[in-house]
Amino acid sequence: MLLTQRALHSGAEIAFEDRLRAVDYRTLEARTARMAGHLVAAGLRRGDRVVVCLGNRVESVETTIAVTRAGCVGIPVSPNLGDAELRWLIAQNRPAAVFATSLSEGLLHAHRPRAPLTVVVPEDASTTSIPGWCAHFEDLASTEPTALPRDDYGIDDPAWILYSRRTGARPAEVVATQRSSVWSVLSCFQRIFAGGGLHPLPVPLSFSYAHILCVLGVIALGGSARLAGFLPDEMLDQAGGHDYTLLAGIRAPARVCLTAGLAGGPAELLRQAPLLNLLVP
């Protein structure tokens, strides 16, 4: 497993970081193992679908990895979807579990009658905003489960379901395997970022491009990812003082970041080599 190897060789290095917390490779391996064990203990079977609606944060990456380690299929979705889209997605996939923030009321209530497990990340760092019928994310990540992670999911089995947006139509479903996703990283991005690792400032993690490059790519190639939000001020704030090999952003806020700011400030840092700007329209 790529993460296990990375934890052994680069355990103390930061893997993912957001505005609230950071996680190194050793801790990432341990937390995702516990989470996967809890999913197995909760009765999730191989191939069960799990919706991950957490946005750009460390918990989103941890959940994505843990779902795979439990032998389930992860479905990353944007927390900005409307209630109607979320209900449609839940009806289409019939997930065995949902991971969401305490602000995702529409998703929580759409899911409640359909599956046995809902896990919530509180937005205010407390448990008061979590409904009583939901599990607390940190309980899964920090307490020892009664089962072990499966860690045996087939490399050609469906591992993730990614949705792409289409104007005037329902999102299109793309099924990805571990082989197809990691192949993209090793055959393409490894040639670009060989030696120094990958240090991206990513697009939304629910995008297939960000999932492959900023989650799997970082684990496979080393380096770390800064999980920024998508308001220009926040992107500029997170860019300050960091050396990135890649800015992958949504076109409008990324354009503002690249054209605004004082000389020597974060915007100037984003314009300097060796930054590669790949904008998603």
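Note: the structure precedes this text.
In this report, we go over the structure that sits alongside the text. Source: prediction; values computed, not measured.

1. Section: the side chain of S60
Then comes step 1: For S60, the location among the structural elements is in helix α3 (residues 58–69).
Then comes step 2: If sequence neighbours within four positions are ignored, S60 has contacts with V52, L54, G55 and L205.

2. Some thoughts on the pattern of salt bridges
It is possible for side chains of opposite charge to pair when their charged atoms get near one another.
Then comes step 1: A full pass over the atoms with the stated rule returns 11 salt bridges.
Then comes step 2: Between E29 and R69 there is a salt bridge, with the nearest N and O atoms lying 3.1 Å from each other. Highlighted residues: E29 in helix α2 (residues 25–41) and R69 in helix α3, separated in sequence by 40 residues.
Then comes step 3: For R34, the salt bridge is made with E144, and the minimal N-O distance between the two is 3.6 Å.

3. Focus on the pairing of strand β6 (residues 117–121)
Then comes step 1: Burial within β6 is extensive, with five of its five residues counted as buried.
Then comes step 2: Bridge count for strand β5 (residues 97–101) against β6 is five bridges, and the pairing is parallel. Bridge pairing links A100 to V120 in β6.

Cut-offs used in this document
- Each chain has its residues counted from 1, following the order in which its sequence is written.
- Given that the model is predicted, a residue must reach a pLDDT of at least 70 before its local features are reported, and side-chain atom pairs must reach 80 or more before they are shown or counted; all residues, however, enter totals for whole chains, interfaces and linings.
- Hydrogens and water are ignored here; the side-chain numbers use all heavy atoms of the structure.
- Note on conventions: DSSP H or I runs of at least 4 residues are helices, E runs of at least 2 residues are strands, and numbering of each starts at the N terminus.
- Any two residues whose heavy atoms approach within 4.5 Å are treated as being in contact.
- Any Lys or Arg side-chain nitrogen found within 4 Å of a carboxyl oxygen on Asp or Glu counts as a salt bridge.
- With a 1.4 Å probe rolled over the protein chains alone, any residue whose accessible area is under 20% of its type maximum counts as buried; one over 50% counts as exposed, and the rest are partly exposed.
- Strand pairing follows a simple DSSP-based rule, namely that at least 2 bridges must link the two strands.

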